[in-house]
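An overview of the molecular structure
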Amino acid sequence: MARCGVRSASTSRAYRVGRIDSVPKPSLSSRAALLQPSPTLGITAKANAMRAAGEDVISLGAGEPDFPTPDAVCEAAIQAIREGFTKYTPTGGIAPLREAIAAKLCAENGLSVSAGQIVVTAGAKQALYEAAMVALEPGDEAILIAPYWMTYAEQIRLAGATPVAVHTRQEEGFQPDLDELRQAIGPRTRAIFVNTPCNPTGAVYPHQTVRAIADLAVAHGLWIVADEIYERLTYDAEHHSIAAMSDAAAACTITVGGCSKTYAMTGWRIGYAAAPAHVASAMTNLQDQVTSNAVSFAQKGALRALSLPREQVETMRQEFRARRDLIIQCLAEIPGVATTLPQGAFYVLPNVREFLADGESDLGLAERLLTEARVAVIPGSVFEAPGHLRISYAAGRDQIRAGIARIAEVLSKVAR
Ligand SMILES: Cc1ncc(COP(=O)(O)O)c(C=O)c1O
């Protein structure tokens, strides 16, 4: 018997295929047409090609820690493979990992969640995608606080909804204005995405801001998608989880995190979502039809990562902090480059409008820096921050010094 919603095909007529060019061609879906290659890929591909041709290119574009994955994590995964832990696991993740994530969120983030509310995903990106797919309807709007990580907008569009940007300002430390957020809420608004610490601005929202956004979302019956992937990388600021603000906030928040940034595990593809039980279950059902479980032995590695002594992460965090101070100092020496002090993640987003040649965009400037300075950075437009560049300090101190010096040299040639 056909399942509900599945049409049984008529098998009575047979078609004969003639010449191939007379056969009607299928077209791509409108969904596929929505997906444009990111300009980041273009810059990265060009940087790689230059490097392959023997050129000395400095990459300050990367969105991943340059540290190796901790040995203990690698050993746990290797051991899991040796022990034959290489088969399907439950879609939402192995029980000990879900329990460890729930325990971490309760102890460190002030959430009140159980293992049944956790979905282990192939990176935080998959958790965000599933969140968009289960929370949004076609025709809905979802608020993004700009500048934002571009994947949110693409995933919102894939869910058939429309991203609505509420802009923040560099002179205000890229902190959101609550009145502007309130004004952006309309009858179609269904969700607000909150990313603190933020990629690309490095802003970390203080408690009162997180609390106010939570109250606003609750008052308007919105979902909150809280991307907390950089939670452990803060400097002079404390991270606050929005789901911990109130029971009402917890009831409408999908908290997303993962191992990629905290434990230098970007390639392992382990992320997670913590959500009300019915939401976690909907996300698991979706994942069941798309990818099934995150890689079995990577889950074992993640389990080990979660039990690492805090000092191990602390060493990486302190190094990021030193690099942040270094890059800010180097940028401050370039007259005309305006930056704010990032308090989290590992990016700076300087305003470089003064250095754009006539009619040039930040995309053009990023291309020019790659060609003339042999430094790869990401144009701000990718993050809805035109006139800016996103510079990553997930690179060694020598690379940072040399990279910014090269950028300064190219910029010094621009008549301001
Ligand atoms: C803000 C933000 N969220 C999520 C992700 C994705 O993390 P993952 O590699 O775990 O999918 C990234 C990666 O760059 C990111 O910058």
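Residues numbered from 1 in each chain as written. Predicted model: local features only at pLDDT ≥ 70, side-chain atom pairs only at ≥ 80, totals over all residues. Heavy atoms only, no water.

Per an unreviewed UniProt entry, the protein is named Aminotransferase, and its organism is Fimbriimonas ginsengisoli. Per its UniProt entry, the protein bears the Sequence similarities (unreviewed entry) comment "Belongs to the class-I pyridoxal-phosphate-dependent aminotransferase family." In its Cofactor (unreviewed entry) section, UniProt records this for the protein: "pyridoxal 5'-phosphate". (UniProt positions renumbered as here; feature names shortened; annotations may be inferred.)

This part covers helix α4 (residues 95-109). With 15 residues, α4 extends 20 Å from end C-alpha to end C-alpha; this agrees with the ideal 21 Å at 1.5 Å per step. The complete set of buried residues in α4 reads Leu-97, Arg-98, Ile-101, Ala-102, Lys-104, Leu-105 and Asn-109. Taken down its axis, α4 places every buried residue within 160° of arc, on the same side. Packed against the buried residues of α4 are β2 (118-121), β8 (271-274) and α11 (296-306). Where α4 ends, the next residue or the one after it, Gly-110, has phi of about 75°, a positive value. (Helix = DSSP H or I, 4+ residues; strand = E, 2+ residues; numbered from the N terminus. Expected span 1.5 Å × (residues − 1). Buried < 20%, exposed > 50% of the residue type's maximum accessible area, 1.4 Å probe, protein only. Arc of directions from axis to C-beta. Contact = heavy atoms within 4.5 Å.)

Turning next to the packing of helix α2 (residues 39-52) against helix α13 (residues 362-373). Direction vectors running N to C along α2 and α13 enclose 10°, while the axes themselves pass 11 Å from each other. Comparing the axis directions of α2 and α13 gives the class roughly parallel. Side by side, α2 and α13 meet where Pro-39, Ile-43, Lys-46, Ala-47 and Met-50 of the first sit next to Leu-363, Ala-366, Glu-367, Leu-370 and Thr-371 of the second. Split by residue class, the contact of α2 with α13 holds seven nonpolar, one polar and two charged. (Axes fitted to C-alpha atoms, helices over the stretch in contact; angles between N-to-C directions. Parallel < 35°, antiparallel > 145°, perpendicular 65-115°, else oblique. Nonpolar A, V, L, I, M, F, W, Y, C, P; charged D, E, K, R; others polar.)

All right, on to the sheet that holds strand β7 (residues 253-258) then. Reading across from one edge, β2-β8-β7-β6-β5-β3-β4 is the order of the seven strands in this open sheet, with mixed pairing throughout. Edge positions in the open sheet fall to β2 and β4 (162-167), since each of these has one partner strand only. Neighbour to neighbour, the strand axes of the sheet diverge by 20° on average, direction disregarded. Pairing of β7 with β8 involves four bridges; the strand directions are antiparallel. (Pairing = 2+ DSSP bridges.)

All right, on to the pairing of strand β3 (residues 141-146) then. Most of β3 is tucked away, with five of its six residues classed as buried. One ladder, built from six bridges, connects β3 with β4; its direction is parallel. Looking across to β4, one finds that Ile-145 is bridged to Val-166. Following the backbone out of β3, through helix α6 (residues 150-158) and into the adjacent parallel β4, one traces a crossover that is right-handed. Pairing analysis gives four bridges linking β3 to strand β5 (residues 189-195), with the strands arranged parallel. (Right-handed = clockwise from strand over helix to strand, strands pointing away.)

Moving on to the sheet that holds strand β11 (residues 378-379). On the basis of which strands lie adjacent, the open sheet formed by three strands has the order β9-β12-β11 and antiparallel pairing. What marks the edges here is a single partner per strand, and that holds for β9 (347-348) and β11. As defined by bridge partners, β11 adjoins strand β12 (residues 389-392) across two bridges and the pair is classed as antiparallel. Paired with Pro-379 across the strands is Leu-389, a residue of β12.

In the neighbourhood of the ligand, 14 residues make up the surrounding shell, with Asn-199, Asp-227, Ser-260, Lys-261 and Arg-269 lying closest. At 2.7 Å from an oxygen atom of the ligand is found a side-chain nitrogen or oxygen belonging to Asn-199. Residue Tyr-230 places a side-chain N or O atom 2.8 Å away from an oxygen atom belonging to the ligand. The protein chains hide 92% of the 390 Å² of surface that the ligand would expose on its own. It is helix α5 (residues 123-135) that contributes the most residues to the shell around the ligand, four residues altogether. Residue composition of the shell around the ligand, by class: six nonpolar, four polar and four charged. (Near = heavy atom within 4 Å. Polar contact = N/O pair within 3.5 Å; in protein donor to acceptor, adjacent residues only side chain to side chain. Areas by Shrake-Rupley, 256 points an atom, 1.4 Å probe, with all protein chains shown as cover.)

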